[in-house]
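Examination of the molecular architecture
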Amino acid sequence: METRPARREETAWQLARDRVLLYLRALNLPPFKAMELGLDALKRTGPTEIPVAIKTLRTLLNEQGLDRGVLNDEGDYISSMPPMNRGVMIPEDLSGVTSSKKDKDLSVRPSWTKTARLRRILMIVLVLIPTIITTHYMSQVLPHKGGTVLEMMLVSVFGVLFAWISIGFWTAFMGLLALLFGYHRYSPSRDYSRDSEDKNSPLPKTAILIPIFGEDVDRVMAGIRTVYRSLGRTGHLDSFDFFILSDSTDPDKWVEEEVAWFHLCRDEDAFGRIFYRKRRSNTKRKSGNVADFCRRWGKNYPYIIVFDADSIMAGSTMVKMVRIMDARPDIGILQTLPSAVNRHSLTGRIQQFINHVYGPMFAAGVHFWLLGDAQYWGHNAIIRTEPFMKHCALPRLKGKGPLAGDILSHDFVESALMRRAGYGVWLAYELEGSFEETPPTLLDELKRERRWCQGNLQHMKFVFSKGVFPVHRALFMNGIMSYGSALLWLLFLVLSSTEAVLEAVQVPSYFTGARSLFPSWPVWYPHWVIALLASTAVVLFLPKLLSIFLIAKKGQARLYGGYPRLVLSIFMEAVFSTFFAPIRMLFHSRFVVETLLGKRTGWLPQSRKDEGTSWKVAMQFHWGGMLIGFVWGIILDFFSPTFFLWMTPVIFPLAFSGAVSVLTSRPQVGERLRKWGLLLTPEESRPPEELKELKENLSIPPPYSPFPISRRMGFLRAVVDPFVHALHMSLLLTYRGGKTKKPRAELRGLLDKAMDSGPNELSSDEKIWLLRRPDELSGLHRAVWELPDRERASRWMLTFPSVD
């Protein structure tokens, strides 16, 4: 009869065997290799406990070089980065004179500059004359003809705001004319002859940069897979390298990105073409990330194409961009017009519709006025690397407060510096195949706007910098006014309301201070009021109506659901934009005031999922605006009911902003409208190949893992999963970031804390520190696998039945 100690010994050996086989299975070794190692380890140990078996297995793996990382086909540790080729990128003194720094071969003024100067003079005339006329009308419809201090302020603010919206009107109008009549002079996409292009000629090496910060890893990798395959279909894949540049500060995201990068490269056979780098310090945020790439590898690539995390571009579009840059050595930055796609919420679908219906018209207008002095938007653009490294490094702004420090809206500054160096910055508004995704909800949009507001207000320091072209000074002011105009609009409405209340409570005086036998009666000029309202309505709404003619000329009405649905969609967009406008006005005004008072904004990952906004979150975010709306409405209704009716388009959206935010965030509402054929876009009616492939790539199931650990628990996987641990150890050897120093006592205490309490008790900084220390991480990995204690092992999701 078998004794109890014998049964205990057999059970212990079985548990050790299971632990060894599980470890080997997780390493993704070839089956025969794993079986050989497992049998060898068990033979050497015989009937024993788990710790001895795992130690023996680790010894075998060490002997064969399999315990410190994942090996490539050549037997070397796998690397996520190419060898460095150091370059120099030194920030310039933005207040300095740069004529001596211009490239000599570009010192001759381009031919388009004379045309641009004449067009901008025309723009000034078109804006100033209507502004002067409408401002005069405004002064005449006021009770005191602009004679009081309050009315003078009101008229002044109105004049600035009317001039501001007039710029947008004339931009759209000129863009409409250019597209209707095919006037594309100086268009960079038409400057080189398609017939002369040798489609089989090799392309210069180009790097595609994808800076990420705490993004949805599945979406990022699906997008890269889509672009990679699209380039493959062009036959020019060998001319492009991809660089995933991570600034993620979440330890779980870090490991998740590494694993996803490995599986993407393995599936697409893309090792050596798709690279991954995790920065130790995210200094200067996205601009610093791109600058770090340029210093390490920029000399290897004549051009870089910069993506956002959600960017998609067709391979043929990128090939054409490279050929344009080759044909036009005077171009420093070529910016495409990204089409907004893939949104399901009502807010997102409205933004997509605006982008497709009005975007081409405004983009053509921007090209008409700016030509080679256009703006760089930070993504979906190609950059000439050498002058970018030489002239576009960004310094830290001197001083204290939110307008100092790192430049947040770096793209406008980089385009100004590129232009200052003698290179053109062009908008290739005719190039198709460039896509992006907009914020899914109003709250997500406003969170992003907070950061953009601070970045644009920083540009006040560049308006008077030496060497900046006048048009870029105007563009800096334009960016500042994007948020400052909200504060002016709010001021205009407050002054108007104050005027209405004062007129209601004050006793009218019909005799002025001068002696007169006759009273001064107020005179009402209704035709002036009608003319004023009509001119303002034309400036605001005519571009929306004119877009129908442009769509009709292109024969694209059916892509928007047909003419009836297109007209109804434009009406719906106008209504919802009217509701959004006061909410944005209030928040933008708040952002401006907070920034000027010294409140800084943080840098948080963007939400890109259509998950909707809860009522609780909406009320927390909008309660102040709702209170202002209700109080404002009550005061006006009490003192001036007539003026209250005029103000309802402003008061109602504010008073019910929480409900507006919630209802427009619902994906179900947006999807219902899509099924009805409303707010449709061409990419929904006739999806391009890249968007169809992106959808397929997002549905690819995750790689198999023998552990019941979520892919989102990256740190835990790096400690427990042998393959993920080995992969991370391999990549640590390529980061070359040095070691983080900690006192030995603190080091020992951290490891003891991890073993005693489990991963949930470690802070994010502690996890990051362990992930950066190969020796400590390897020791923690061994210790966890050798745990015989069921309770402590379960904290690391290594659960085995106990031995009786």
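All figures in this text were calculated on a predicted structure; none of them were measured in a lab.

Here we take up the overall build of the protein chain. Looking only at helices and strands, one finds 30 helices and ten strands in the protein chain. The long-range fraction of contacts in the protein chain, counting pairs at least 24 apart against all pairs at least 6 apart in sequence, stands at 83%. For the protein chain, the accessible surface area stands at approximately 36800 Å², while carbon and sulfur atoms represent 60% of it.

Bringing the sheet that holds strand β7 (residues 339-340) into the picture now. Strand order across the open sheet formed by three strands is β5-β10-β7, with mixed pairing between neighbours. On the outer flanks of this sheet lie β5 (312-313) and β7, each paired with one strand and no other. The pairing of β5 with strand β10 (residues 434-436) spans two bridges and is antiparallel. Looking at the pairing, I312 lines up with F435 of β10.

Now for the pattern of salt bridges. Scanning the entire structure with this criterion turns up 33 salt bridges. With its nearest N and O atoms 2.7 Å apart, the salt bridge here joins R229 to E268. Residue R229 is located in helix α7 (residues 217-234), and its partner E268 is located in helix α8 (residues 251-268); the two are separated by 39 residues in the primary sequence. Among the residues examined, R229 registers a relative accessible area of 29% and is labelled partly exposed. E268 gets classed as buried once you look at its relative accessible area, which sits at 15%. A salt bridge links E766 to K753; its shortest N-O distance comes to 3.2 Å. Placement of E766 in helix α28 (residues 764-771) and of K753 in helix α27 (residues 744-757) is noted, with a sequence separation of 13 residues between them. The class of E766 is partly exposed, set by a relative accessible area of 22%. Classification of K753 as partly exposed rests on a relative accessible area of 31%.

This model, assessed by the stated rule, comprises 24 aromatic pairs. An angle of 40° between the planes, with centres 6.0 Å apart, marks the rings of F158 and F492 as tilted. Placement of F158 in helix α5 (residues 149-180) and of F492 in helix α16 (residues 470-505) is noted, with a sequence separation of 334 residues between them. Judged by relative accessible area, which is 10%, F158 ranks as buried. For the ring pair F169 and W170, a centre distance of 5.0 Å and an interplane angle of 75° mean the geometry is edge-to-face. Residues F169 and W170 agree in their burial class; the two are buried. Feature note: the residues F243, F275, F293, W297 and Y301 constitute an aromatic cluster, connected by ring pairs.

A few words on the nonpolar core. Judged by nonpolar contacts, the single largest core of 87 residues is most densely connected at W261, I274, V720 and W796. Not counting the four nearest positions on each side in its chain, W796 is found in contact with F715, L716, V719, V720, A754, G758, P759, L780, V784 and L787. Counting 67 residues, the second-largest nonpolar core is a separate cluster that includes A207, L397, V463 and I570.

Turning next to the pairing of strand β2 (residues 240-246). For β2, the tally of buried residues reaches seven of seven residues, placing the bulk of the element in the interior. Judged by which residues are buried, β2 turns out to be covered on both faces: F240, F242, I244 and S246 on one side and D241, F243 and L245 on the other are all buried. Inspection of the sheet shows strand β1 (residues 206-212) paired to β2 by seven bridges, in the parallel sense. Among the inter-strand pairings, I208 is bridged to a residue of β2, identified as F242.

Here we come to the side chain of S778. Considering the arrangement of structural elements, one finds S778 in helix α29 (residues 774-785). For S778, the side chain forms a polar contact with the side chain of R782, separated by 3.0 Å.

With that settled, consider empty space enclosed by the protein. Applying the stated criterion across every chain yields a total of six cavities of 30 Å³ or more. Here the second largest cavity is characterised by a volume of approximately 40 Å³. Around the second largest cavity, the lining residues are R119, A178, Y183, H184, R185, A364, H367, F368 and Y429. Classifying every residue of the lining of the second largest cavity gives five nonpolar, two polar and two charged.

What follows is about unusual backbone geometry. One non-glycine residue, N342, lies in the positive phi region at around 65°. Structurally, the position occupied by N342 is in the loop between β7 and α11 (346-357). A relative accessible area of 31% means that N342 is categorised as partly exposed. Although it is not a glycine, N380 sits at a positive phi angle of roughly 55°.

What follows deals with the sheet that holds strand β9 (residues 424-428). Strand order in the open sheet made by the seven strands is β3-β2-β1-β4-β8-β6-β9, with mixed pairing throughout. In this open sheet, the two edge strands, each paired with only one partner strand, are β3 (274-278) and β9. Neighbour-to-neighbour, the strand axes of this sheet turn through a mean angle of 20°, independent of strand direction. Alignment of strand β6 (residues 331-336) against β9, held across five bridges, turns out to be parallel. Within β9, the residue paired with I333 across the bridge is V425.

Contact geometry for α5 and helix α12 (residues 359-370): axes closest at 6 Å, N-to-C directions at 95°. The angle between α5 and α12 places the two elements in the roughly perpendicular class. Residues G168, W170, T171, A172, M174, G175, L176 and L179 of α5 touch α12, and the partners they reach there are P360, M361, F362, A364, G365, V366, F368 and W369. Residue classes in the contact of α5 with α12 are distributed as twelve nonpolar, four polar and no charged.

Three or more residues of helix α22 (residues 667-675) are buried, namely P667, G670, E671 and L673. For α22, the angular spread of the buried residues around the axis is 160°, confining them to a single face. When the buried face of α22 is taken as reference, the exposed residues oriented beyond 90 degrees from it are Q668 and K675. Here the buried face of α22 lies against α11 and α18 (563-596).

One covalent bond between the sulfur atoms of two cysteine residues makes up a disulfide. On inspection of all chains with the given rule, the structure shows zero disulfides. The thiol of C294 is not disulfide-bonded; the next cysteine sulfur, from C392, is found 9.5 Å away.

Among the secondary structure elements, K278 is positioned in strand β3. D247 provides the closest opposite charge to the buried, unpaired K278, separated from it by 6.4 Å. Within polar-contact distance, the side chain of K278 engages the backbone oxygen of S248 at 3.2 Å.

The subject of this paragraph is the pairing of β3. Judged by how many residues are buried, β3 sits mostly within the fold: five of five residues are covered. On β3, burial covers both faces: I274, Y276 and K278 on one face and F275 and R277 on the other are all buried. Two elements, β2 and β3, share five bridges in a ladder whose sense is parallel. Looking at β3, one finds that F243 is bridged to F275. Handedness of the crossover joining β2 and β3 through α8: right-handed.

Parameters at a glance
Residues numbered from 1 in each chain as written. Predicted model: local features only at pLDDT ≥ 70, side-chain atom pairs only at ≥ 80, totals over all residues. Heavy atoms only, no water. Helix = DSSP H or I, 4+ residues; strand = E, 2+ residues; numbered from the N terminus. Contact = heavy atoms within 4.5 Å. Areas by Shrake-Rupley, 256 points an atom, 1.4 Å probe, with all protein chains shown as cover. Pairing = 2+ DSSP bridges. Salt bridge = Lys/Arg side-chain N within 4 Å of Asp/Glu carboxyl O. Buried < 20%, exposed > 50% of the residue type's maximum accessible area, 1.4 Å probe, protein only. Phe/Tyr/Trp six-rings, centres within 6.5 Å; stacked < 30°, edge-to-face > 60°. Core = buried A, V, L, I, M, F, W, Y, C linked by side-chain atoms within 4.5 Å. Polar contact = N/O pair within 3.5 Å; in protein donor to acceptor, adjacent residues only side chain to side chain. 1 Å grid on protein atoms, 1.4 Å probe; cavity = no way out; pocket = protein on both sides within 12 Å on 5 of 7 lines; lining within 4 Å. Points joined across faces, edges and corners; volume = space filled by probe spheres on them. Nonpolar A, V, L, I, M, F, W, Y, C, P; charged D, E, K, R; others polar. Axes fitted to C-alpha atoms, helices over the stretch in contact; angles between N-to-C directions. Parallel < 35°, antiparallel > 145°, perpendicular 65-115°, else oblique. Arc of directions from axis to C-beta. Disulfide = S-S within 2.5 Å. Lys, Arg positive; Asp, Glu negative; His and termini not counted. Right-handed = clockwise from strand over helix to strand, strands pointing away.

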